[in-house]
Each structure stands twice: as C-alpha cells, then as structure tokens.
Amino acid sequence: TGDLLLLTAMPFTQLAGASAAAKALAPTACTTIEEVGSTGVGALTLGFLALAITTVVMVAKAASADTERRKYYFCCTFICGVATFSYFAMLSGQGWTAIAGCRQFFYARYVDWFITMPLIILTLGLVAGQDLVTLAAVVGADMLMIVALYMGAVSVVTTVKWFW
C-alpha cells in the first residue's frame, strides 16, 4: 500500500522515469491560438451555403419522388443536413478546441464524418444492390478509420501520431 500511495502522489511526468521530452509535452496554457483566417472563413461560408441549399433541394426531391427513390433522397438529405450543421458550427466559432501547438482543431469535422460517411456508404451500397452484411462490414471499417483519423489528429507524440 505504501507503493500505491507513492504512485498516486506523483505527478504524471515523474512516473516511470519520464524523459525531458515527456515533460515538454505536458499541457501548457495557450496565450494565443492560431485561428482560421479570412480565406478559411470564406471557404467555410461557401461550404455552409452550398450544403444548406443542397439539403433544401434534397428535401424537395424526396417529397416528390416515388417510394423506391425516396430512400436515396432521404439519405442524401441527412448527409447534407449533418454536414451543414458541422460547417455552421465551425463557421460560428463552435465545434473546435485548442490543441497542442495552440492551434484550432475542428472536432466538428470528425463528428460530421462519423455520421455522414456511413450514410454515404449506405447510399452507394443501396444503389449497387449490396447485401446488408457487406454494408455493415464496410461501415464498421469506415467508422474505425474515422476514429483513427481523430486520434492521429489529436496525438502530440510524433511516433504515436503516425501509428494512428
């Protein structure tokens, strides 16, 4: 119990003989954050507007489509709708946090991908006539890929970052 008490009282950087590099990676408060500039804001605005218009068009198409085609329009509506929300979050200053290096990290993009990419795969699979088992396998692999993308993006240690 004495060793356990000693371990809980030690800071993270002292555990297991942490190196100077690990101590340098300890979180520090950012005094300034590298944020998106005017070109980035313009691109986010164009993306938001294009996706919002496309969402409205897909809703209109779904309303007038026959029963067989309606499922494709609904999938496209949700794909564009979720992406519209994501772009609006990034454009309005939400959906991001500061990460290592005091730069802006848009986690809303990864939430968007986690929802929309399976819908894109589902839509393509329905068009191609794939069975549900194949679709489930591809969607599962895609979701694992997006989690790995996120983990790589937020990793601080270079070797770990490239592992993801």
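Just so we're clear, the structure is a prediction, and the values are computed from it rather than from any experiment.

Further remarks concern the overall build of the protein. When you go through the protein residue by residue, the secondary structure sums to seven helices and two strands. Along the protein, from the amino end to the carboxyl end, the secondary structure elements read α-α-α-α-β-β-α-α-α. Expressed as a percentage of the 164 residues in the protein, the buried residues total 24%. With an accessible surface of roughly 10900 Å², the protein has 71% of that area assigned to carbon and sulfur atoms.

With respect to the secondary-structure elements, glutamate 34 resides in the loop between helix 2 (20-24) and helix 3 (38-64). As a C-alpha pair, glutamate 34 and arginine 103 span 69 residues in sequence and 4.6 Å in three-dimensional space. When neighbours within four sequence positions are excluded, glutamate 34 is seen to be in contact with Cys102, Arg103 and Gln104.

In contact at an axis separation of 8 Å, helix 3 and helix 4 (residues 67-91) are set at 155 degrees when each is read in the N-to-C sense. Considering their axes alone, helix 3 and helix 4 lie roughly antiparallel with respect to each other. Helix-helix and strand crossings are classified by hand; for helix 3 and helix 4 the assignment is left-handed. Each residue belonging to the contact of helix 3 with helix 4 can be placed in one class, and the counts come to 18 nonpolar, seven polar and two charged.

What follows concerns the confidence of the model for the protein. The predicted structure's coordinates, where accompanied by low pLDDT, should not be read in detail. Per-residue confidence for the protein gives a mean pLDDT of 85, with 83% of residues at or over 70. Of all helices and strands in the protein, the one with the weakest mean pLDDT is helix 1 (residues 2-9) (44), whereas helix 5 (residues 107-128) scores best (96).

Compared with an ideal rise of 1.5 Å per residue, which puts 27 residues at 39 Å, helix 3 spans 39 Å between its outermost C-alpha atoms and is within 8% of the ideal. Contact partners of the buried residues in helix 3: helix 4.

Attention shifts here to the side chain of serine 86. Mapped onto the elements, serine 86 comes out in helix 4. Assessed through its relative accessible area of 5%, serine 86 is described here as buried. Beyond its immediate chain neighbours, meaning those up to four positions away, serine 86 contacts Ala108, Arg109 and Asp112.

Reading guide: rules and limits
Residues numbered from 1 in each chain as written. Predicted model: local features only at pLDDT ≥ 70, side-chain atom pairs only at ≥ 80, totals over all residues. Heavy atoms only, no water. Helix = DSSP H or I, 4+ residues; strand = E, 2+ residues; numbered from the N terminus. Buried < 20%, exposed > 50% of the residue type's maximum accessible area, 1.4 Å probe, protein only. Areas by Shrake-Rupley, 256 points an atom, 1.4 Å probe, with all protein chains shown as cover. Contact = heavy atoms within 4.5 Å. Axes fitted to C-alpha atoms, helices over the stretch in contact; angles between N-to-C directions. Parallel < 35°, antiparallel > 145°, perpendicular 65-115°, else oblique. Left-handed = near helix turned anticlockwise from the far one by under 90°. Nonpolar A, V, L, I, M, F, W, Y, C, P; charged D, E, K, R; others polar. pLDDT = per-residue confidence, 0-100. Expected span 1.5 Å × (residues − 1).

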